Amino acid sequence: MDSRECLKLLREIKDAAFATVDRWGRPQVRIIDVMLVEDETLYFVTARGKDFYSQLTAGGPAGGAVAVTALTRDFEMIRLSGTAKKLGDQKRWVDKIFEANPVMNHVYPGDSRYILEPFCIAGPEIEYFDLGCSPIRRETYAAADPSCGGPIAEKGFSIGSSCVGCGRCVEVCPQKCVEEGTPYRIRQNNCLHCGLCFESCPAGAVTRKAGPSC
Ligand code: SF4
Ligand code: SF4
C-alpha cells in the first residue's frame, strides 16, 4: 500500500465523508463524491451556494482545511487531511469531471453544471487503517507537498528510556504489538492507539505523541 493506492481506493469507494469547520468553529461533515484521482491529487466539486463551498473558501487558519474518510467493504479505512484549493479554468475542469462521472448529468443537467466549482487536495497526509486483519495494520503517508498538507501530526504512543522492562504493556496490549527490548518498543504499524499501555505502565515510560488520535 502507498499513498497512490490509498487515493485509488478512495476513488473506488467514491462516496466519502468530507469534514470541515464552520465559521463558528463547529465541525461539519457531509458525503461528497471523489470525482477524480490523478497522481497524488484528489478532485471533487461543490456548488457555490453550499455552506461547504463557503467553508472551503473562507479565510483564516481553518479556511480550506478538510479531512476525508471512507471505509471499504473489507474494513479498510482511508483517512486523508489537507487543504482544498479551488481550481482555475472552472468550465474545463467541470467538463472533465462530468466526462469521468456521467451520472452527474442527471443531477446537474445542461449548463446548470457550471454552478459547481472544482477543487483539489494535492499531496495530502494519508492514513491507511486495516481493521480486517490480525493484528490490525496502520500506515501513514506524509504529504508529498507539505505546503498543501500542513504539518505532519505524529499520532499514537512511544516508549522512552524510563522503561524498566516489567512487561505490563505486553500483557495488556490487545494487538500484542509491544516487543521486548531496552526500552520495550511498540510496532507502530499494528497499534490501535488505544492507550492501554499508557494507562498501565508503572514507570510512566509510555508517552503520547504530539498529534491527535482516534
Ligand atoms: S509497562 Fe512500562 S516499564 Fe513496563 S515494559 Fe512496558 S513500557 Fe516498560
Ligand atoms: S496503544 Fe494499545 S494497541 Fe498500541 S501498543 Fe499500546 S496497548 Fe497496544
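Report follows, based on the coordinates. (Residues numbered from 1 in each chain as written. Chains lettered and ligands numbered in written order. Predicted model: local features only at pLDDT ≥ 70, side-chain atom pairs only at ≥ 80, totals over all residues. Heavy atoms only, no water.)

**Brief notes about the site of ligand 1**
For step 1, the next point in the chain: Ligand 1 sits among 13 residues. The nearest are C163, C166, G167, C169 and C201.
For step 2, the next point in the chain: Using a 2 Å cut-off from the grid points, one finds that ligand 1 occupies the second largest cavity.
For step 3, the next point in the chain: Looking at the shell around ligand 1, its residues break down into 10 nonpolar, two polar and one charged. (Near = heavy atom within 4 Å. 1 Å grid on protein atoms, 1.4 Å probe; cavity = no way out; pocket = protein on both sides within 12 Å on 5 of 7 lines; lining within 4 Å. Sits in = over half its atoms within 2 Å of the grid points. Nonpolar A, V, L, I, M, F, W, Y, C, P; charged D, E, K, R; others polar.)

**Here's the deal with the side chain of R30**
For step 1, the next point in the chain: Counting through the fold element by element, R30 comes out in strand β2 (residues 27–33).
For step 2, the next point in the chain: Among buried Asp, Glu, Lys and Arg side chains, R30 stands out as unpaired, with D51 the closest opposite charge at 7.0 Å.
For step 3, the next point in the chain: Within the structure, R30 has its side chain in polar contact with the backbone oxygen of Q28 (distance 3.5 Å).
For step 4, the next point in the chain: Side chain to side chain, R30 and Q55 meet in a polar contact 2.9 Å long.
For step 5, the next point in the chain: Setting aside anything within four residues of it in sequence, one finds R30 in contact with A16, A17, F18, A19, T20, F52 and Q55. (Helix = DSSP H or I, 4+ residues; strand = E, 2+ residues; numbered from the N terminus. Buried < 20%, exposed > 50% of the residue type's maximum accessible area, 1.4 Å probe, protein only. Lys, Arg positive; Asp, Glu negative; His and termini not counted. Salt bridge = Lys/Arg side-chain N within 4 Å of Asp/Glu carboxyl O. Polar contact = N/O pair within 3.5 Å; in protein donor to acceptor, adjacent residues only side chain to side chain. Contact = heavy atoms within 4.5 Å.)

**Some points on the pairing of strand β7 (residues 116–122)**
For step 1, the next point in the chain: The buried fraction of β7 is high, at seven of seven residues.
For step 2, the next point in the chain: What you see with β7 is no split at all: L116, P118, C120 and A122 on one side and E117, F119 and I121 on the other are buried throughout.
For step 3, the next point in the chain: Here seven bridges tie strand β4 (residues 41–47) to β7, and the two strands are oriented antiparallel to one another. Considered in β7, the bridge of V45 is made with P118.
For step 4, the next point in the chain: Direction of pairing for strand β6 (residues 76–86) relative to β7: antiparallel, over a ladder of three bridges. Its bridge partner lying in β7, K86 is registered against F119. (Pairing = 2+ DSSP bridges.)

**Examining the site of ligand 2**
For step 1, the next point in the chain: Taken together, 13 residues form the shell around ligand 2, and within it C173, C191, C194, G195 and C197 come nearest.
For step 2, the next point in the chain: Broken down by class, the residue content of the shell around ligand 2 amounts to 11 nonpolar, two polar and no charged.

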